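# Geometric and topological summary
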Amino acid sequence: MSGTDQGGGWFIYKAGFTSTVDFPNPTQSVWIRNYLKEKPIDPPVVFSIRDVCFNKISDSWDPPPTISSFDEKFDWERPTPPGAELTTQNNCPHTQPGLVKWEDAFGTQTSVQLTSGQKIVVTDNSFGGRRFDKIEIAEGAELIFSDATISLTVRALVVYGNLRIGGPDCRLQGPINIRFWGDKSDGDILPSGFGTKGMAVLGKGEADIYGRRFFPTWTRLARRVRPGDDRAYLQEPVNWFVGQEVVLTTTIHDDTDIGEPNQNEIFTIKAVGDGGSVIQFTTSAKYLHYAGTEYQGEVALLSRNINIESEEPDKDGFGGHMVFNGARGRVAGVATRYMGQTNIMARYPFHFHLMGLPSQQSLFSDNVARDTYFRCFVIHGTHGIIETENVAFNATGNCFYVEDGVEENNTVSYNFAANIHTIGNGASGGAQVGETLYGTINAGGLQSGQRVQPVDSTAAGFYFSNSYNEIIGNVASGGWSGFGFPGLPEPIGDFVGTDFVPQSRPFKVFRGNIAHSSGGYWLDAGCMYVGGKLTQQGSTLTYISGRSERWTMAESNKGVDDWKGTQLWMTFENTKLFACNKGILHWGNRVEVKKAEMHDVQRSVTLFGEAWLDDTLVNGASGNEGADYTNKQHDGFTFYDISVKSLITNTEFRNYQLSTCKDWALPGNPLWTFDDSYCHPDYGGGVSRTIFGHNNVVFSGLFHSDEFKPQQISAVGGIKYTNVDYENIIFIKFAETGASRFFNIIDHDGSGTKEGRPTIVGSNLNWWQVCDDCRYEQRWGTWLCPKKPIGFPEREVANVIIETPDIPASLGGIGIPSSCKQQSLGNYSNCNVGYVAQWGYGPGNTDLVKRSTPITSNSGITGITGRGWYLWLNGGAPKKFTVSPAQVPNGVLLPLATSYPSGTTFTVTGSHTWGTIPAVTFSLAASLDDMLADPSNKYFFDNENFYIAPKIPDTLYNKDSRYERGGYFIWDVYKDWTITVEASCNNKGGWCSVPVVERVPSWIKGCPVPPTDSPTAQPTSVPTSTPTSQPTSTPTAVPTVAPTVAPTSQPTLVPTSVPTSPPTSVPTTVPTSSPTGSPTLIPTLVPTSQPTGVPAAVSTAAPTAAPTVVPTVPPTLITSTPASPTIRSPTSAPTSPPTSLPTSIPTTPPTSAPTSTSSPASTQTSAPTLVPVNQTIVPTATPSTLPSTTTSPFGQTAIPTTARGINSTTSPTSPVPSAGNQTPAPSNMSTRVPQTASPLMGEKCGDTYCRVLTKCLVDVCKMGKCVEEQKVSGGACEHSSGDGRCNSKGMCLAAGSPTEPVPDDDSLEWWVWLLVALGVILLCGGLAIG
């Protein structure tokens, strides 16, 4: 060091050091040693020391609270601490013998060339303050710096030989400064193509520059730094010096300098204490730098003892640059400032340029790039490079930059990048689309704000045009994004035209990285952004900043189709994100995020394609008092609206509460306006929320588009909530769009919905109420249905694409109005073309209220399986339509029906888009059950509805056709199998000319009975009190059959229908107590008491006190086994006046269940079930019908819903007597019916049971065989074109209708017959008592 002469032999020297120990004793001695670098002083000199000053951290300060822990899920990955290189020097180049001093070789020259064989050493006085125009080191020559105070100012430094400033084992301690000078110029003083004002290492040249080792180069706060604080506690001890500069990063969302200045702060170290774990500053903090248990701001060291910089700040952004295009480059412990040349390619502070795979290891380590004019650390056309522990701050353009898309197998680890600025305005534009921007390679004369490389509109701390690199333990603060991964269909720049697809490459490793305070330039930007598309045509670069798909796979050449390659996923491992717009936004097609923490992120992730979020913590609100939530939406996860697969597992959501809620866009106001009063809208009365979206909610979905309609694409499992209000778990805004109507989530284990069992979530339409065990959650505006009802097939969410391609503006047809194809929220009412409904509800059924959804000209229907779907088109019956079972899971039966005129014939074929398998011709099935038994090549038509159950052939779609991770899965969407249906009807504009009748098919499968304690917004079917009013009408006829025995267990039965035909018998039993009034419902059976804890049935509407509707067909009694009680609800009320009144009803409910020989008790807990007078029971000698068992999820016999042409009535456990004029089953019912179907069966005949067929046919047992006989008044079927038989519609059947036997039920034992006898006795006794 050089001192200032004070006279009298005294010199002032300033030296800084950090004590490794405290000084508890003020008289303790301090030894200061003088290291003579060159040679001993002769004669010896005696040194005296006076006025030594030490800075000590003051104690007068109130420390912030200690943090108990710094991470939960995240494991902070840190580099290995250095060893001897911190304090020792070995193999130093400047100590080798035979070196020639610079001043001895070149004197005062200012343009110098070292020739081969020369070894020149630079000492502290070698350059004498001169400015050099050019220094060139020829191949075979060496320029070596000693460990001294050296300052070099030069315009161009060219290295073909060797530049040695220290070495890997010789970290220089002395201050060395290299400054590049010169005005902006288009000429080349460096070799051709490298311009001026900088250093170039070319050819066989090598450069080693090693400054003092400081460790760590950056760390995290251990306690928060508040405004006014003058020190920082650190998570790691540091060896930093007094007088060095550090930066504390912002811990808020905004780092853009748009509006308010950013909150990064630079401080000078005043003192270091506590073994390096606390540093004191010369000034106090202006802003809060948060450090809590959730996350902590970073502290980075900006100072080094070797500095390479521009001579002074340049108003044109034309600084110095360093390029390494030789055999090796190793730079460590160097700080650069004002380096890079804005918008000039290849002019960067640190730059590996077209080195290929260097024969010797090259690296940039523990350096600083500060206040850069263009980028920071660049890898271009080079592989196997190490960039580690570097610090970049206040950079222009993409900072850590992998350039052309071919660079692979590099290691970028433990680096720090903060306060990154776009060139020109940051890219924005519309949602998803972004902006289209252009640049010109090697363009000159660009004005301020223009870009040579358009991706600098989305400048990131870390930018990778090829992801196949090791990216470990880095931190990015600020920037358009923290980590950016654009899609390149082919390389650009020096590698344009190469047969290579950079965007197909996944991560080699992406682990342990942190990003925060970015994404604020655009609504779809994120702290980590996989998106944008960069292409080159000639010298023009085109960049689309928004959504761009990419398929990651093992193959990387252009000839491999996206869907045929070996699939690979981009995997983010062990990631931490905070104070972001979006945490991770990934527009690609295969992505996994495993083990992550996200705090104060407006949306955790947006993941496209097959996407998995696993083992993650998503915290909606931290304890950061400086986090700005004003006008910021906070969502945990938003599910997409088409084709992607989002699987979220083992993830905790925390702190999503109404108290921090702000809703978006009030009715009638522009978007993005706010009003706290709309955080708590009225959920009741079925009124949907009219705000634009819900804030601070965990799960939401896109709803704005009608063109895009969700399939089964969203699933969760292993979800945990901490401090989350129930209202804030799920929200989907209701809109007249397909995205809203078909919103759904599969909750595989019930954890996401808190239902405690696998659950399907559907939108607010009753289309999702497949059965009454589904419930409407009005706080979410969704339906919740059990996925696995006990005793019934597992439900799935299926998707089919039905189109009428030849009909203008119809379902997926030609000429769809452009207003129906827009992708934003709008009025789509003019796009409706019909509806789709669940079978069993609507015209043709007892329950006329359809469970349906409108469908529009944009094709695609999604719903729950378990029933059939009925399609009604406003135009009538299409002459041609196609069905693509895009997502009908393997093993799932999904019957479809649509109405056609009687007599229509059909041609039905199935074909594969690519001809992978042969086409299939479908044949007409003999019955609906026949078709359902083998739907792969059959259809059915009953002269009213056309039926088909579309499925993809097993060779194309099977149990493996799904995206599965961690035991959870989502079924694939497969659109390449199409079934084409062509009708023979007369054509009228693509429609059949004969009108069709709207008739929703009934369904015989039944539904589970919901529990009474199941939370529901729907009224139950049981009245709250015993009815006392007179019936409003008298039946025109009395039922033909009444049960002959009482139940053997404890069922509580409520009528499901009432007959209209005249009675043929009188009941033999009545209640034992007198009624207080007339009943409102005509009963079918005397009730016993309801078993304790057995739930009652739930209907879609509250029962009335005075029913007014009576079924139009006679009752058909369906039997059930006495294994469990049956609960039934009224499905209709009388339509005409009764001819007589019941003689009595119970005055009080029965208190206990009857025994097999006693009459009912006097107490009941539901509406009375009464037997009217003037009914006669005429039992046959032997019961003709035996019960069929159907078990519900709740231990009760399931109630089948009404089949076409059949009104199901409540039946006790006894057999149904054989009686005339019973309502038979439709002729399309197979005699072999699944147990869950509650079949209608006739008398026992040998090993089978004869069928109850139509109202004009019945099977009777003759000589051990079932024989069909006519049972129509007046004889045979009129207008017969077949063999004289007719169906339930009064239409004649064709000859040869097939018959299939029903197997014997082995579960029916002798005791059933005993129960029959006891039941007869009980009923007869009851009648006698009455």
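Residues numbered from 1 in each chain as written. Predicted model: local features only at pLDDT ≥ 70, side-chain atom pairs only at ≥ 80, totals over all residues. Heavy atoms only, no water.

Quick look at the overall build of the protein chain now. Helix and strand counts for the protein chain stand at five helices and 79 strands. Of all 1330 residues assigned to the protein chain, the portion counted as buried reaches 60%. Sequence separation of 24 or more characterises 73% of the internal contacts of the protein chain that already satisfy a separation of 6 or more. Summed over its atoms, the accessible surface of the protein chain is roughly 49,400 Å², and 51% of this surface lies on carbon and sulfur atoms. (Helix = DSSP H or I, 4+ residues; strand = E, 2+ residues; numbered from the N terminus. Buried < 20%, exposed > 50% of the residue type's maximum accessible area, 1.4 Å probe, protein only. Contact = heavy atoms within 4.5 Å. Areas by Shrake-Rupley, 256 points an atom, 1.4 Å probe, with all protein chains shown as cover.)

In this section: the sheet that holds strand β68 (residues 945-948). Taken in spatial order, the seven strands of this open sheet run β59-β58-β61-β63-β68-β67-β66, and their pairing is mixed. Two strands in the sheet have a free side with no partner beyond their single neighbour: β59 (852-856) and β66 (923-924). (Pairing = 2+ DSSP bridges.)

What follows is about unusual backbone geometry. For the bond from F215 to P216, the omega torsion is -10°, close enough to zero to count as cis. Here S643, not a glycine, exhibits a phi torsion of approximately 70°, which is positive. For S643, a relative accessible area of 40% puts it in the partly exposed group. Notably, K754 is not glycine yet its phi reads approximately 65°, a positive angle. With respect to the helices and strands, K754 occurs in the loop between β53 (744-747) and β54 (759-762). Taking the relative accessible area as the measure of exposure, K754 reaches 48% and is therefore partly exposed.

Next up on the list: the nonpolar core. Core analysis: the biggest nonpolar cluster contains 105 residues, and W102, L114, F145, L163, F324 and F699 have the highest contact counts within it. In terms of residues, this core owes the most to one element, strand β8 (residues 150-159), which gives five residues. Contact partners of L163, with chain neighbours within four places excluded, come to I137, L143, F145, L157, M199, E206, A207, D208 and I209. I760, Y776, Y900 and F946 belong to the second largest nonpolar core, which has 79 residues in total. (Core = buried A, V, L, I, M, F, W, Y, C linked by side-chain atoms within 4.5 Å.)

Counted under the stated rule, the structure contains 56 salt bridges. For E389, the salt bridge goes to R213, with nearest N and O atoms at 3.0 Å. You can see E389 sitting in the loop between β27 (386-388) and β28 (391-396) and its partner R213 sitting in the loop between β12 (206-210) and β13 (218-220), a full 176 residues away along the chain. Residues E389 and R213 agree in their burial class; the two are buried. (Salt bridge = Lys/Arg side-chain N within 4 Å of Asp/Glu carboxyl O.)

Neither face of strand β9 (residues 162-165) is left uncovered, since the one carrying N162 and R164 and the one carrying L163 and I165 both have all their residues buried. Bridge count for strand β7 (residues 142-145) against β9 is four bridges, and the pairing is parallel. Residue pairing in the sheet places E142 in a bridge with N162 of β9. In terms of strand pairing, β9 meets β12 through four bridges, oriented parallel. Residue pairing for β12: L163 is matched across the bridge by A207.

Taking strand neighbours across the sheet as the criterion, the six strands line up as β13-β18-β15-β16-β17-β14 in an open arrangement whose pairing is antiparallel. What marks the edges here is a single partner per strand, and that holds for β13 and β14 (231-233). Each neighbouring strand pair of the sheet contributes to a mean axis angle of 35°, computed without reference to strand direction. As judged from the four bridges shared by strand β16 (residues 265-273) and strand β17 (residues 278-281), these two strands associate in the antiparallel manner. Counted as the bridge partner of I269 is F281 from β17. (Axes fitted to C-alpha atoms, helices over the stretch in contact; angles between N-to-C directions.)

Another aspect to go through is the environment of F318. Summarising the element assignment, F318 is placed in the loop between β19 (306-310) and β20 (321-325). If sequence neighbours within four positions are ignored, F318 has contacts with G182, D183, K184, S185, T196, K197, G340, Q341, I344 and Y373.

With that settled, the discussion passes to the packing of aromatic side chains. On inspection of all chains with the given rule, the structure shows 57 aromatic pairs. A centroid spacing of 4.9 Å and a plane angle of 80° characterise the contact between W587 and F608, whose relative ring orientation is edge-to-face. One end of the pair, W587, is in the loop between β42 (582-586) and β43 (590-599); the other, F608, is in the loop between β44 (603-607) and β45 (610-619), and 21 residues separate them in sequence. Exposure class is identical for W587 and F608. Each is buried. Judged by centre distance (5.1 Å) and plane angle (70°), the ring pair of F653 and F699 falls under edge-to-face. (Phe/Tyr/Trp six-rings, centres within 6.5 Å; stacked < 30°, edge-to-face > 60°.)

Another aspect to go through is the side chain of R867. Along the polypeptide, R867 turns up in the loop between β60 (861-864) and β61 (869-873). Despite its burial, R867 pairs with no opposite charge, the nearest such side chain being D772 at 6.9 Å. Polar contacts involving the side chain of R867 include one to the main-chain carbonyl oxygen of V770, which spans 2.7 Å. Among the polar contacts made by the side chain of R867, one reaches the side chain of Y841 at a distance of 2.9 Å. (Lys, Arg positive; Asp, Glu negative; His and termini not counted. Polar contact = N/O pair within 3.5 Å; in protein donor to acceptor, adjacent residues only side chain to side chain.)

It is worth spelling out the side chain of S899 at this point. Checked against the element boundaries, S899 lands in strand β63 (residues 896-899). Separated by 2.7 Å, the side chains of S899 and N945 make a polar contact. Reaching out from S899, the side chain makes a polar contact with the backbone oxygen of V997 at a distance of 3.2 Å. Discounting chain neighbours no more than four positions away, the residues touching S899 are Y870, L871, W872, A877, E944, N945, V996, V997 and R999.

The subject of this paragraph is the state of the cysteines. Summed over the entire model, instances satisfying the criterion amount to seven disulfides. Between the sulfur atoms of C820 and its disulfide mate C831 the distance is 2.0 Å. Between C820 and C831, the disulfide has an S-S torsion of -100° and is therefore left-handed. Residue C820 is found in helix α3 (residues 818-821), and its partner C831 is found in the loop between α3 and β58 (832-838); the two are separated by eleven residues along the sequence. Look at C831 and you get buried, because its relative accessible area is 2%. (Disulfide = S-S within 2.5 Å.)

What follows deals with the environment of G519. Within the secondary structure, G519 sits in the loop between β38 (514-516) and β39 (526-537). Contact partners of G519, with chain neighbours within four places excluded, come to G479, W480, A525, G526 and N581.

Predicted coordinates in areas of low pLDDT are best not read in detail. For the protein chain, per-residue confidence averages 77 on the pLDDT scale, and 67% of positions sit at 70 or higher. This stretch, residues 1252-1256, has a pLDDT under 50; its non-local contacts, to residues over four places away or in other chains, come to 29 contacts. Across residues 1271-1313, where pLDDT falls below 50, the model places 90 contacts with residues more than four positions away in sequence or in other chains. (pLDDT = per-residue confidence, 0-100.)

When you line up the elements, C985 lands in the loop between β71 (977-983) and β72 (987-988). Considered as a pair, C985 and F906 are 79 residues apart in the sequence and their alpha carbons are 8.9 Å apart.

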